[in-house]
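Examining the three-dimensional arrangement
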Amino acid sequence: MFRRGHERLFSSLRSLSLEMAKNSHKLNVKPAISKDATDVLKALSETVGVDSTAPHFSFIDDPLTIPSTANAKRTYFMAREMGKRAARELAEEWPTLFAFDRDLPRLDVFRPNKTLDPLQVDPTEANLLLMIEQREVRDAGMLYERMRTEDIPVSEEVQMKLLELVAYYNGHDIPFSEWENWPGMRNFGDDKHGNRESWQNGSVADMIFETLPRNAHSTSIMIAALCKYPSKANLERARNFFKDLEKSKETPKREAFDALISVSSIKEAKMLLELMFAKKVKPTAATWNSLLISASKVEKHSDRTEAFMKILGEMQQCGMQPTLSAFQIICSGFIDRSLSSSFEESDRDTSKNKANNDVYKNQLKLAISWVSEIVGHLEKRYEQNQAIEVFSSNCHLFFVEAIGIAYRASNIDVARRIVSLYESKLNKVKMPSFITEAQFYNRYLQLFVEKCDNINEIETIYRSFVPRHVSVSRTLTKLIIEKLKKQQSWPLLRRLIEDGISSRQMTDFSVSSEFRQLLLRIEYHTLSVSEREEFSSLVQRMVSIWLEFSRFTEDHPVSKRLQAKLSPQLISDCALLLSRIGEVEKAYELLELILNEDAREGDEATVTSQGFARHEAIAELFEDALRQKDASRAATCLEIMSLNSNRSKLEPLAKRIHERCSLTEAQSRLINGFVRLRPQ
Amino acid sequence: MYRTTSVRQGYSLADKLRQAVTGGAEGKKKGVVGTIAVKDEQGEDFRELFVMPKRKLRGQLQLEQSTGRAEIKQRSRNDLNDRLAARRPRSEEMNPEQDWTNVWPAARSFSASVVPLPVRMGSRPNVEKRAPFKKEGNLELVKIPNFLHLTPAAIEKHCKALQKFCTPYPQELLDDAKLVDSELPVSVSYSTYVHQGTNIRDMRSRVVTFKIDVGALNLKEKAKEKLIRLAGTRFDESSNILTIITDRCHTRKQNLDYAYYLLTVLYHEANKVEAWEKGRERLDNLKVSFDGSRSKEKLVDLLSKISQVPQLDPAVKGEGKDVAEHEKVAKFAKMWQRYRNTEESAEATREYGRMMKELLGLPKNSSPSSHP
């Protein structure tokens with residue numbers, strides 16, 4: 001009583017002091033603006049833009065841990081996630097080790113509980129419900145069977161929930177793609193054992209279905225589940241269930257209609273839709289998506305397009321806004337699958353089937369105009385400040401499909417619009433980073449590089465995309481190389497080669513050869529002082545890398561796998577590059593490897609005996625040696641050239657050595673003798 | 001194209017040319033050491049006596065390699081691909097025109113590959129001769145807190161983003177800052193602690209310091225005195241501020257509520273007059289007062305006596321009550337009270353003497369004479 005009295009008193013005094021300021025005529029204090037707990041954080045987060053040089057946020061921002069290739073990204077990401085999982089597993093297995101941790105707030109995710117063992121746990125309904133909530137499909141099924149054998153009653157409601165779970169997942173555990181807390185497993189997990197297999201007859205689902213009284217709910221669950229595994233027998237069974245419901249004059253649930261529509265032909269689908277209207281079952285976006293899936297199965301292209309148009313028109317009539325997944329179904333159904341697979345990339349132009357080519361082009365033209373329309377429609381939504389929300393797990397695929405069409409149609413304008421659509425703050429649909437998003441940006445980058453003539457613009461976009469969005473790949477590198485062949489750009493070439501080094505392209509014969517050719521094309525004297533330093537250090541680094549790869553000569557499987565022997569062509573190119581940067585000694589040390597039999601033969605061989613030194617490179621080195629009047633170096637070049645030249649070609653070279661270098665009689669005799677011994 | 005198969009004897013053409021000039025085997029890098037098969041009289045292989053392994057020990061090899069007598073065999077390491085996967089520091093690729101707040105949006109440890117500044121840190125014996133260590137691999141830079149996320153540009157951005165949650169500051173206070181004291185007598189202060197760790201709680205954040213200008217409570221003199229007695233050391237007489245620090249509850253909110261509760265209790269207790277307060281005596285006063293003091297009695301007595309002596313000329317003349325109520329005596333009383341209730345100082349003592357002399361009509365001190 002005393003306490004309560006005092007509380008009243010002090011609250012009155014407190015309000016008095018506040019009121020005093022509020023009611024004071026001398027002060028005018030505005031009331032505080034109300035805000036949620038996270039509003040300030042959201043406002044602050046909006047101030048942060050894009051850091052174009054940074055790696056993905058899930059990687060450690062350090063030169064050593066920024067992955068360049070898709071494979072490295074996957075490995076790093078999975079390593080991180082597996083570490084996390086191991087820690088959680090430890091906490092789950094040994095909870096007492098962490099009992100005295102003083103962390104606050106105490107997050108449940110860091111205190112994982114061991115999942116219930118269906119063979120050990122008490123066979124109660126509560127435990128069964130817990131398993132259903134945790135989506136432990138197999139365990140829930142096992143516990144249910146145990147309860148049945150022990151004659152423990154399970155309520156109808158719980159059985160219905162179990163039926164929903166078990167039927168949807170076909171009695172298997174949930175697939176990796178539905179793992180909520182582990183993005184690595186969700187995106188990279190291999191789901192071969194998943195439930196995309198055929199329907200298990202006589203499983204727990206069938207057992208529960210037989211146990212339960214047949215009504216619209218349970219039958220609809222079974223119809224939807226059977227349609228998820230659309231074999232002929234399953235579909236027939238599903239349709240029979242549907243007919244049974246019709247006979248008993250019960251209204252199937254919307255999910256049953258959706259599932260049946262998606263597996264039916266367009267004609268049947270329309271009939272089912274009409275039935276839905278008749279039975280006053282309200283269609284949702286999922287129903288329309290099912291209808292579009294049904295339409296996408298129409299064989300003839302014109303009929304398919306017409307069906308899409310009709311469905312979209314109907315949706316408009318019903319006041320239904322198409323979701324991104326709806327647009328994705330439309331985009332993926334525009335070009336015949338048989339055509340799109342045969343007209344990829346190089347086949348497109350070289351295809352002999354001209355008729356098919358024309359059909360493909362016409363379909364592509366139509367597809368790009370539709371994509372442009374869809375993008376325009378979505379842009380209008382943005383103008384009205386409407387956000388694009390996620391509807392299903394397939395929504396993000398729209399962007400990949402759309403950019404794929406823009407890429408195939410070589411339409412950079414549409415591609416740009418798609419990218420800005422995706423990057424808008426109003427877009428809430430995000431692609432998984434290292435899979436579809438990488439594919440999306442890769443297509444955009446490749447298209448940009450193909451269409452752009454300005455090498456500086458290409459360099460800017462390449463730097464901002466690689467390796468942040470797009471991983472270094474052979475195709476991309478070759479594309480940039482083609483551009484660099486037409487227009488030189490030292491900064492881009494340097495970046496490209498460095499990317500190549502970090503993504504194991506130095507041992508790729510074709511790509512590394514192209515790198516050397518591009519470096520040889522660079523006119524050293526036109527570079528600035530700092531660029532020359534960069535050039536020199538890069539050439540030396542490349543040479544040392546190739547040498548190190550060639551020195552894996554130990555008799556060990558790892559060494560043998562890693563070894564990449566030097567080819568005479570590589571040696572000659574490297575020697576020329578080294579001589580251009582002033583490292584003549586090193587250049588000739590390398591060249592001598594071609595002539596050294598020990599380096600070519602035996603277990604310790606570092607040079608392959610296949611191929612010859614590049615003639616132009618050796619000729620240039622020969623000229624340099626003559627200019628410096630160095631008979632020894634000129635003789636080395638002559639000897640290398642003699643490996644694939646006959647006497648008639650060598651004689652003029654020997655003559656030039658005689659002319660330019662002051663040889664002793666013995667030396668002169670040696671050179672003449674050497675040339676004379678070559679075959680005609 | 002075809003490959004000619006030449007008979008080679010370990011010499012290249014260049015080697016032979018060099019030999020032709022020097023006449024020796026300078027150009028030859030390695031001679032072919034033939035193996036001599038030693039046989040005994042019976043034609044059997046000669047078997048050497050095993051004394052110790054033929055291979056050289058590691059120390060021996062290292063010694064030979066360091067003195068240049070043995071060739072160092074270069075072996076490739078299996079982690080080559082991992083070493084090559086390291087990328088160039090991204091600070092080298094940064095555009096000088098980039099928005100730094102996007103690169104370093106929040107507090108984080110220093111990272112040499114991200115910060116495009118040639119910063120150095122650490123101590124060396126002779127800084128004039130050798131500069132401090134570079135940023136690469138420099139742990140000293142990682143240890144210290146950096147404020148790279150709190151650049152003026154970042155703060156400006158944050159301020160703009162938070163502006164929508166702010167109401168305008170009262171213009172009246174901007175015009176007249178003194179209004180704070182009169183209009184907002186209560187001030188509450190506390191500290192919030194943010195740090196990295198497993199626990200977001202910090203015990204120090206519960207402490208609340210509550211201050212109030214006692215004048216704003218409009219207490220009567222007796223009530224104020226009672227409040228001061230109750231508050232004890234929490235009241236600062238010089239500023240007239242009552243400070244209540246609460247930390248006994250678990251949360252800040254509870255402590256703040258408790259502080260208001262204490263103030264409420266103090267206020268009401270101060271205004272309450274208990275029966276025992278009527279028996280209060282002069283000695284119970286917080287401060288010594290001139291009225292009723294023996295000093296006053298003696299002074300009045302003295303002044304009354306002095307005024308009867310014709311040779312003397314006191315400042316106050318009269319008897320008894322006239323003297324006690326005289327203006328100059330009242331002035332003296334104020335000084336006396338101040339002198340008695342504050343810490344004694346030389347100035348205060350001098351003032352006391354001066355006023356006493358003035359009251360008694362004694363001559364003022366002549367200026368101090370300089371001693372020879």
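Computed from a prediction, not measured in an experiment: that's the story for all the values here.

Time to look at the domain arrangement of chain B. For chain B, the assigned domains are domain 1 (100-166), domain 2 (171-282) and domain 3 (287-360). Using only C-alpha atoms to locate each centre, domain 1 of chain B and domain 3 of chain B end up separated by 70 Å.

Moving on, we come to the sheet that holds strand E4 (residues 241-246) of chain B. Residue and element names in this part refer to chain B. The sheet built from 4 strands is open, its strands ordered E1-E2-E4-E3 with antiparallel pairing. Looking at which strands have only one partner, the edges of the open sheet turn out to be strand E1 (186-189) and strand E3 (235-236). Two strands pair when backbone bridges link them, and E3 and E4 are joined in this way by 2 bridges, in the antiparallel orientation. Within the sheet, the bridge partner assigned to Phe235 lies in E4 and is Leu242.

Here we take up the packing of helix H5 (residues 137-149) of chain A against helix H6 (residues 156-168) of chain A. All names here are of chain A. Closest axis-to-axis distance for the H5/H6 pair is 10 Å, and the angle between their directions is 135°. Relative to H6, the element H5 lies oblique. When you trace H5 past H6, the crossing you get is left-handed. Contacts from Val137, Ala140, Gly141 and Tyr144 of H5 reach H6 at Leu162, Leu165 and Val166. Of the residues assigned to the contact of H5 with H6, the class counts are 6 nonpolar, 1 polar and no charged.

What follows is about the domain arrangement of chain A. Here the domain parsing of chain A yields domain 1 (83-113) and domain 2 (523-680). Inter-centroid distance (C-alpha atoms) of domain 1 of chain A to domain 2 of chain A is 63 Å.

This paragraph deals with unusual backbone geometry. Residue and element names in this part refer to chain A. A cis amide bond, omega 0°, links Leu104 with the succeeding residue Pro105. Residue placement: Pro105 occurs in the loop between helix H3 (70-93) and helix H4 (125-133). In this structure, Pro467 follows Val466 across a cis peptide bond, with omega equal to 0°. For Pro467, the position within the fold is in the loop between helix H22 (455-465) and helix H23 (474-486). The backbone phi angle of Lys280 is positive, close to 60°, even though this residue is not glycine. Mapped onto the secondary structure, Lys280 falls in the loop between helix H12 (266-278) and helix H13 (285-296). Here Lys280 falls in the exposed class, since 7 other C-beta atoms lie within 10 Å of it. Although it is not a glycine, Arg504 adopts a positive phi angle of roughly 60°. Topologically, Arg504 is positioned in the loop between helix H24 (490-502) and helix H25 (509-521).

Calculation criteria
Residues numbered from 1 in each chain as written. Chains lettered and ligands numbered in written order. Predicted model: local features only at pLDDT ≥ 70, side-chain atom pairs only at ≥ 80, totals over all residues. Domains from an automatic or database assignment. Pairing = 2+ DSSP bridges. Helix = DSSP H or I, 4+ residues; strand = E, 2+ residues; numbered from the N terminus. Axes fitted to C-alpha atoms, helices over the stretch in contact; angles between N-to-C directions. Parallel < 35°, antiparallel > 145°, perpendicular 65-115°, else oblique. Left-handed = near helix turned anticlockwise from the far one by under 90°. Contact = placed C-beta atoms within 7 Å. Nonpolar A, V, L, I, M, F, W, Y, C, P; charged D, E, K, R; others polar. Buried ≥ 20, exposed ≤ 12 C-beta atoms within 10 Å, placed from the backbone.

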